[in-house]
Amino acid sequence: MASRRGKTASPKRVFQPLPQNSCWIQNDAYDRRVYGQLRSDSPSLHALEETGGTFLPHFGSLLQDLFCLLFKTNVIYRKEAEVLPSALLNQTLLDSIKQGSQYDILREQTVLDEARAALSTLLLGERLLRLLREEKIINRRDMRDLWNIQKQEELVNERREAHEDANTIPDERFSEEGKKALAKAKHRLEGEVQGAEALLRQKTAQLKQDLEEIKTKTSYQLQAEAIRVAQQLEDASEEAESWGTTIGAGQRSPAGAKIELGKRLAGNEKLKKLARMVGRMKFHAAALRKKVFERANQEVLEIESGDSIQRLLPHELTALHHPVLRKDFYRRFLDQELLQYSLRGVEEKGKGPMIVCLDGSSSMAGDKEIWSKAVTLTLVDIARRQRRLFRSICFSSADTPLQVLDLNPRDRYELEAKNVMDLAEYFPGGGTDFQRPLDAALECLRQSRFKKGDIVFITDGECEVGREWAEAFRRDKEKLGFSLFAILIDVGSSSRGTLNELSDRITTIHQLTGEEATDIFVKF
């Protein structure tokens, strides 16, 4: 009996593992796939996650929870025992946002809308990060406590793994003395696990107490931020859709692109004002282009592909009467592949590439900048529709680098919204130098891709050029056979002096609001 009792093994202590979840809101494979794709497509969302991760543990999980909170129709929280203690602050932040009527107002715009939910997540996440940096939610000591709890969780897992590994070691091969040493080691490891767990419970309890104290203050702060985001979201989403559809690429933008556009538009009054002005100017330009052609000044040149209803060949219209051919007609209309007459006007010069030199000097600040960029972006849209290459050259003083952007370098002349926004936002300021951008434009025209192109020069005209340079420029202009169309921004002070020397035609902003706009929006 004694020998049997000696051989009886003591029961092994089994410790419950820590939860693996750091997200508080239940999500499925679809939610994770959608959010992962949005994060991959949006550099801003990815950068926010990386930056926030240096302040709080599980900041990426917080962003994913925010997305689910705004996107999912049925929001279900996990039980506290299913989530890591180091993510307790995330629960407090989510609860604070969910309280109050502003959450319902925000959700009306975001539920089941991937782009809007992600944009709201980005805007709210940036505001949360700002509050954390300014220590308005928790102070540095509390942040250290969170990181210490995460380290304690890692320590508990390490001790448990060591204890489990020790329990897998068979003691039959050891001597009596070895068995005693192994049992002693197992007992010591068991004590270490118990101690690590006790310390983790103590730190977690203290964290819960601290979070309870800041709950009311945090709730007021985040509800106020949610109201601001809701106010920004509607405007930014509509503007992002407008920029992405009509300017960005000639088609609906992917969700990631909408997030980036929305972020840049949110709170940026200059871009919002510019978007509205571009919309009005594009409408005016489209109205001019849709007018009946002046037959006295135009003649049929050849047959080409396009989408101009007024100039379609008769047999193309007969397809509309056939149920199958009608669908093919719609497809070719969208792809600009319908056969139509090509008209040539006696005053019309080719439809070659556009090279737009845009004045970004200090004298163009304010309304002048908005007007000049509205004209530029309207020309961008015309170039896209007509499948013409478009290069912009933004300039200021002689020592300021030129911003050179090829906005539609690809085969189908599609535009990238990011490049368009870079053009819209960039404003170097400083002095004015006409010679550098025009030299760059000349160099561009010498390239085969931009052969037969023309230059549009947008400025308030306040600059002088050297006499020898002006003479050389006119010789190059005659040799290369291009035209220079100047658009004078006559909002406030302006000057025609230098433009009269260099330009073939000068149009003012005031003329662009009337029939005179035909020269630049139709004939160019």
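Residues numbered from 1 in each chain as written. Predicted model: local features only at pLDDT ≥ 70, side-chain atom pairs only at ≥ 80, totals over all residues. Heavy atoms only, no water.

### Here's the deal with the overall build of the protein chain
At step 1: Secondary structure assignment for the protein chain yields 20 helices and eight strands.
At step 2: Out of the 524 residues in the protein chain, the part that is buried amounts to 47%.
At step 3: Intrachain contacts of the protein chain at a sequence separation of at least 6 include 79% that bridge at least 24 residues. (Helix = DSSP H or I, 4+ residues; strand = E, 2+ residues; numbered from the N terminus. Buried < 20%, exposed > 50% of the residue type's maximum accessible area, 1.4 Å probe, protein only. Contact = heavy atoms within 4.5 Å.)

### Here we look at the pairing of strand β6 (residues 454-459)
At step 1: When you tally the buried positions in β6, you get six out of six residues, the bulk of the element.
At step 2: Covered by surrounding structure in β6 are Asp454, Val456 and Ile458 together with Ile455, Phe457 and Thr459, the residues of both alternating faces.
At step 3: Alignment of strand β3 (residues 354-359) against β6, held across five bridges, turns out to be parallel. The residue bridging Cys357 from the neighbouring strand is Phe457, located in β6.
At step 4: Tracing the backbone out of β6, into helix α17 (residues 467-480) and back to the parallel element strand β7 (residues 484-488) gives a crossover that is right-handed. (Pairing = 2+ DSSP bridges. Right-handed = clockwise from strand over helix to strand, strands pointing away.)

### Thoughts on a nonpolar patch on the surface
At step 1: A cluster of nonpolar side chains, contributed by Ile303, Leu339 and Tyr341, occupies part of the molecular surface with about 240 Å² of accessible area.
At step 2: Examined against the element boundaries, Ile303 turns out to sit in strand β1 (residues 298-306). (Patch = residues over 30% accessible without salt bridge, like charges linked within 9 Å, V, L, I, M, F, W, Y side chains within 5 Å. Areas by Shrake-Rupley, 256 points an atom, 1.4 Å probe, with all protein chains shown as cover. Salt bridge = Lys/Arg side-chain N within 4 Å of Asp/Glu carboxyl O.)

### Some remarks on the sheet that holds β7
What holds strands together in a sheet is hydrogen bonding between their backbones, with the strands either parallel or antiparallel.
At step 1: A sheet is described by the order of its strands in space; here six strands give the open sequence β5-β4-β3-β6-β7-β8, paired in mixed fashion. Each of the sheet's edge strands pairs with one partner strand only, and the pair in question is β5 (403-406) and β8 (505-508). Adjacent strand axes in the sheet meet at a mean angle of 20 degrees, parallel and antiparallel pairs treated alike.
At step 2: Sitting on the sheet, helix α14 (residues 367-385) is in contact with β3, β4 (390-395), β6 and β7, with an inclination near 170 degrees to β3. (Axes fitted to C-alpha atoms, helices over the stretch in contact; angles between N-to-C directions.)

### Considerations on the packing of helix α3 (residues 43-52) against helix α7 (residues 114-133)
At step 1: α7 packs onto α3 with a crossing angle of 25 degrees between their chain directions and a minimal axis gap of 10 Å. Relative to α7, the element α3 is oriented roughly parallel. Judged by the sense of rotation from one axis to the other, the crossing of α3 with α7 is left-handed. Note on element contacts: α7 touches α3 through Thr121, Leu122, Gly125, Glu126, Leu129 and Arg133, opposite Ser44, Leu45, Leu48, Thr51 and Gly52.
At step 2: Its residues assigned to classes, the contact of α3 with α7 shows four nonpolar, five polar and two charged. (Parallel < 35°, antiparallel > 145°, perpendicular 65-115°, else oblique. Left-handed = near helix turned anticlockwise from the far one by under 90°. Nonpolar A, V, L, I, M, F, W, Y, C, P; charged D, E, K, R; others polar.)

### Quick word on the nonpolar core
At step 1: Membership of the largest hydrophobic core comes to 55 residues, with the highest contact counts inside it found for Phe67, Ile137 and Ile138.
At step 2: Residue assignment for this core shows that the elements contributing at least two residues are α2 (29-41), α3, α4 (59-71), α5 (88-98), α6 (101-110), α7, α8 (140-167) and α9 (176-248).
At step 3: For this core, the element with the highest residue contribution is α7, accounting for ten residues.
At step 4: Residues within four places of Ile137 in sequence aside, it is in contact with Leu93, Leu128, Leu131, Leu132, Ile214, Lys217, Thr218, Gln221 and Leu222.
At step 5: Ranked by size, the runner-up nonpolar core spans 26 residues in total, among them Ile393, Trp469, Leu484 and Ala486. (Core = buried A, V, L, I, M, F, W, Y, C linked by side-chain atoms within 4.5 Å.)

### Some remarks on the pattern of salt bridges
At step 1: Under the counting rule described, the total for this entry stands at 19 salt bridges.
At step 2: The salt bridge partner of Asp460 is Lys368, with a shortest N-O separation of 3.2 Å. With Asp460 in the loop between β6 and α17 and Lys368 in helix α14, this residue pair connects regions lying 92 residues apart in the sequence. The same class applies to Asp460 as to Lys368, namely buried.

### Here we look at the confidence of the model for the protein chain
Any segment with low pLDDT has predicted coordinates that should not be analysed in fine detail.
At step 1: On average, residues of the protein chain score 77 in pLDDT, and 76% of them reach the 70 mark or higher.
At step 2: Low pLDDT, under 50, characterises residues 1-9; the predicted model gives this stretch zero contacts beyond four residues in sequence or across chains. (pLDDT = per-residue confidence, 0-100.)

### Observations regarding helix α16 (residues 435-445)
At step 1: Looking at α16, one finds that the buried residues are Pro437, Leu438, Ala441, Leu442, Cys444 and Leu445. Taken down its axis, α16 places every buried residue within 160 degrees of arc, on the same side.
At step 2: Here the buried face of α16 lies against β3, β4, β6, α17, β7 and α18 (497-502). (Arc of directions from axis to C-beta.)

### Observations regarding the packing of α6 against α7
At step 1: Between α6 and α7, whose axes approach to 8 Å, the crossing angle comes to 135 degrees. The angle between α6 and α7 falls in the class oblique. Along its contact with α6, which presents Leu106, Gln109 and Thr110, the element α7 presents Arg116, Ala117, Ser120 and Leu124.

### A few points about the packing of aromatic side chains
At step 1: Applying the stated criterion to the full structure yields eight aromatic pairs.
At step 2: Here the aromatic rings of Phe329 and Tyr330 are separated by 6.1 Å at their centres, their planes lie at 75 degrees, and the arrangement is edge-to-face.
At step 3: Phe329 gets classed as buried once you look at its relative accessible area, which sits at 4%.
At step 4: Each ring, one from Phe473 and one from Phe482, has its centre 6.1 Å from the other, and the planes form 70 degrees; the classification is edge-to-face. (Phe/Tyr/Trp six-rings, centres within 6.5 Å; stacked < 30°, edge-to-face > 60°.)

### Quick look at the pairing of β5
At step 1: The two faces of β5 differ: Gln403 and Leu405 on one face are buried, but Val404 and Asp406 on the other face are not.
At step 2: One ladder, built from four bridges, connects β4 with β5; its direction is antiparallel. Across the sheet, the residue bridging to Arg391 is Asp406, located in β5.

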